[in-house]
2 protein chains.
Amino acid sequence: MQLLKERIIKDGIIKDNNIIMVDSFLNHQLDIKLLNEIGREFYERFKDKNITKILTIEASGIAIAAIAAQYFDVNVLFAKKTLSTNLDDNTYESKVYSYTKNETYTVRVAKKFLNENDRVLIIDDFLANGKALEGLIDIVFQANAEVEGIGIVIEKGFQEGGENIRKKGFNLESLVIVDEVKDGYVIFREWYCLNFSKMIICYYKW
Amino acid sequence: MQLLKERIIKDGIIKDNNIIMVDSFLNHQLDIKLLNEIGREFYERFKDKNITKILTIEASGIAIAAIAAQYFDVNVLFAKKTLSTNLDDNTYESKVYSYTKNETYTVRVAKKFLNENDRVLIIDDFLANGKALEGLIDIVFQANAEVEGIGIVIEKGFQEGGENIRKKGFNLESLVIVDEVKDGYVIFREWYCLNFSKMIICYYKW
């Protein structure tokens, strides 16, 4: 998605030489116009799948899923990472290991909101090692529902999550795949390399 | 907001005799059509305030804020409850005491996304004791920005948060105020009492 690449180049920041900070438009401050374009793009890619529900995970996936859901005209369900009084006692649960925090947490979805008739589109902002995504897939399987598609905004192609998920045969669509982040610039999967926050020589390859 | 009251009556569930569960449409599963009506209603109530940014808090406020932001044509900023690599180091912070969890947590917003020119609309799903809301107000003050309005979907009128916030002079608009929850039914502020999950005699008073 060209618009998103341009936005990452324009407003993304590289932190600690390997983290892509997109907090100005995607996961802290939210550019709702951009989210609308992202939602429209997900719809274009999955509109033939007869999606009945969009599943995401708190917190950064929620806004993207909610805006996208307007195009699909379906409800959103977001998996919770913590127990709360707002959550039904009867839940599907899956354990997720977090590399960044070096701990395992549990994602939960109330059973009453997911069943064998659901054709689910899973949406999230980032895909890196894929552990959270595997937890969501596990939950859909527990409900005997179908994973009809997985829509990711930014995939880190240099981590194994995307490859593992595709190997299993899932219909995974990432709007942008970043294959490398180093020395203040980013290389996208399609070899469209550009400057990133600083002036760096760019090259095109498509 | 009549539509919302009817929905609470139709799909809300009372748990432990005092918790209003609206997880089927507001804070776990999200009815995006209803959220659009909620967003439109917030716009009607605050459209003259020249809002420049909507501030909310993860996780349940995010979808409501994102959908509402489409009407205001502004960005959303959501305060984070946990530290993450996606958060800038330079943040406004405020301590929030949680009665339900009996612990204090910190809400954070990156300083670069809020400044003295911002006219902020704060949006959240629930208002009970108001501690989280006070944390958000504190953050807006730290940024020398203005709180132009506070939009709450459901206020628990039997807890002190709403009264405290109004006493301080804030322009607080709650789409629904619940004054009492007991014995399986709910009494709204406008004395529009109705059956709740079970068949109970209803009475109107407006």
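Look up: the structure comes first, before these words.
Residues numbered from 1 in each chain as written. Chains lettered and ligands numbered in written order. Predicted model: local features only at pLDDT ≥ 70, side-chain atom pairs only at ≥ 80, totals over all residues. Heavy atoms only, no water.

Draft legend 1. Main features of the overall build of chain A. Tallying secondary structure elements over chain A gives 5 helices and 12 strands in all. For 206 residues, the compact-globule estimate of 2.2 N^0.38 gives 17 Å, and the C-alpha radius of gyration of chain A, at 17 Å, lies within 12% of that figure. Structurally, chain A occupies a C-alpha span of about 55 × 40 × 35 Å along its principal axes. Expressed as a percentage of the 206 residues in chain A, the buried residues total 59%. Sequence-distant contacts, at least 24 apart, represent 58% of the contacts inside chain A between residues at least 6 apart. Accessible surface, chain A: about 8,800 Å² in total, of which carbon and sulfur atoms supply 45%. (Helix = DSSP H or I, 4+ residues; strand = E, 2+ residues; numbered from the N terminus. Rg over C-alpha atoms; globule rule 2.2 N^0.38 Å. Buried < 20%, exposed > 50% of the residue type's maximum accessible area, 1.4 Å probe, protein only. Contact = heavy atoms within 4.5 Å. Areas by Shrake-Rupley, 256 points an atom, 1.4 Å probe, with all protein chains shown as cover.)

Draft legend 2. Here's a closer look at the relation of the copies chain A and chain B. With an RMSD of 0.0 Å, the operation that places chain A on chain B is a rotation of 180 degrees combined with a shift of 0.0 Å along the axis. The transformation just described matches what one would write down for a two-fold rotation axis. Both copies present the same face, since 100% of the interface residues in chain A are matched by interface residues at the equivalent positions in chain B. (Least-squares fit on C-alpha atoms with pLDDT ≥ 70 in both.)

Draft legend 3. Layout of the interface of chain A and chain B. Between chain A and chain B, the contact holds 44 residues from the first and 44 residues from the second. Regarding the contact of chain A and chain B, the summed buried area is about 3,600 Å², with carbon and sulfur atoms giving 53% of it. In terms of surface lost to chain B, no three residues of chain A exceed A:His28, A:Gln29 and A:Asn86, which account for 19% of the buried area on that side. Applying the counting rule to chain A against chain B returns 6 salt bridges. Here A:Asp73 ties to B:Lys33 by a salt bridge, and the two come within 2.5 Å at their closest N and O atoms. Inspection of the chain A/chain B interface yields 19 residue pairs in polar contact (both at pLDDT 80 or more). Looking at the side of chain A that touches chain B, the elements that each hand over two or more residues are β1 (13-15), β2 (19-21), β3 (29-30), α2 (32-46), α3 (60-72), β5 (75-79) and β7 (103-110) of chain A. Counting residues per element, the side of chain A that touches chain B draws most heavily on α3(A), at 7 residues. Taken together, the residues of the side of chain A that touches chain B break down into 20 nonpolar, 11 polar and 13 charged. Across 2 bridges, the pairing between β3(A) and strand β5 (residues 75-79) of chain B is antiparallel. Across the sheet, the residue bridging to A:Leu30 is B:Val76, located in β5(B). (Buried area = accessible area lost by both parts, 1.4 Å probe. Salt bridge = Lys/Arg side-chain N within 4 Å of Asp/Glu carboxyl O. Polar contact = N/O pair within 3.5 Å; in protein donor to acceptor, adjacent residues only side chain to side chain. Nonpolar A, V, L, I, M, F, W, Y, C, P; charged D, E, K, R; others polar. Pairing = 2+ DSSP bridges.)

Draft legend 4. Broad picture of the pattern of salt bridges. This model, assessed by the stated rule, comprises 34 salt bridges over all chains. Of the charged contacts in the structure, one is a salt bridge between B:Lys112 and A:Asp23, with a shortest N-O distance of 3.4 Å. Of the two residues, B:Lys112 sits in the loop between β7 (103-110) and β8 (119-127) while A:Asp23 sits in the loop between β2 and β3, which places them in two different chains. Its salt-bridge partner being B:Lys167, residue B:Glu163 comes within 3.7 Å of it at the nearest N-O pair.

Draft legend 5. The arrangement of the environment of A:Asn90 in detail. Residues and elements named next belong to chain A. As for its position among the elements, Asn90 is in the loop between β5 and β6 (91-98). Placed 19 residues apart in sequence, Asn90 and Val109 show a C-alpha to C-alpha distance of 8.5 Å. Once residues within four sequence positions are removed from consideration, Asn90 is found in contact with Val109, Ala110 and Lys111.

Draft legend 6. Spatial organisation of the side chain of B:Asn129. Residues and elements named next belong to chain B. Take Asn129: it is sitting in the loop between β8 and α4 (131-142). On the basis of relative accessibility, which here comes to 15%, the residue Asn129 falls in the buried class. Polar contacts involving the side chain of Asn129 include one to the main-chain amide nitrogen of Lys131, which spans 2.9 Å. Apart from the residues lying within four places of it in its own chain, the contact partners of Asn129 are Tyr99, Gln159, Glu160 and Gly161.

Draft legend 7. Representation of the environment of B:Leu136. All names here are of chain B. Of note, Leu136 is situated in helix α4. Judged by relative accessible area, Leu136 falls into the buried class, the value being 1%. Those residues in contact with Leu136 that lie beyond four places of it in its chain are Leu55, Thr56, Ile57, Ala79 and Ile122.

Draft legend 8. How the structure looks around the nonpolar core. Formed by 84 residues in total, the largest nonpolar core has its most connected members in A:Leu4, A:Ile38, A:Ile54, B:Leu4, B:Ile38 and B:Ile54. Excluding residues within four positions of it along the chain, B:Ile54 makes contact with B:Ala65, B:Ala68, B:Ala69, B:Phe72, B:Val74, B:Asn75, B:Val76, B:Leu77, B:Leu121 and B:Ile123. (Core = buried A, V, L, I, M, F, W, Y, C linked by side-chain atoms within 4.5 Å.)

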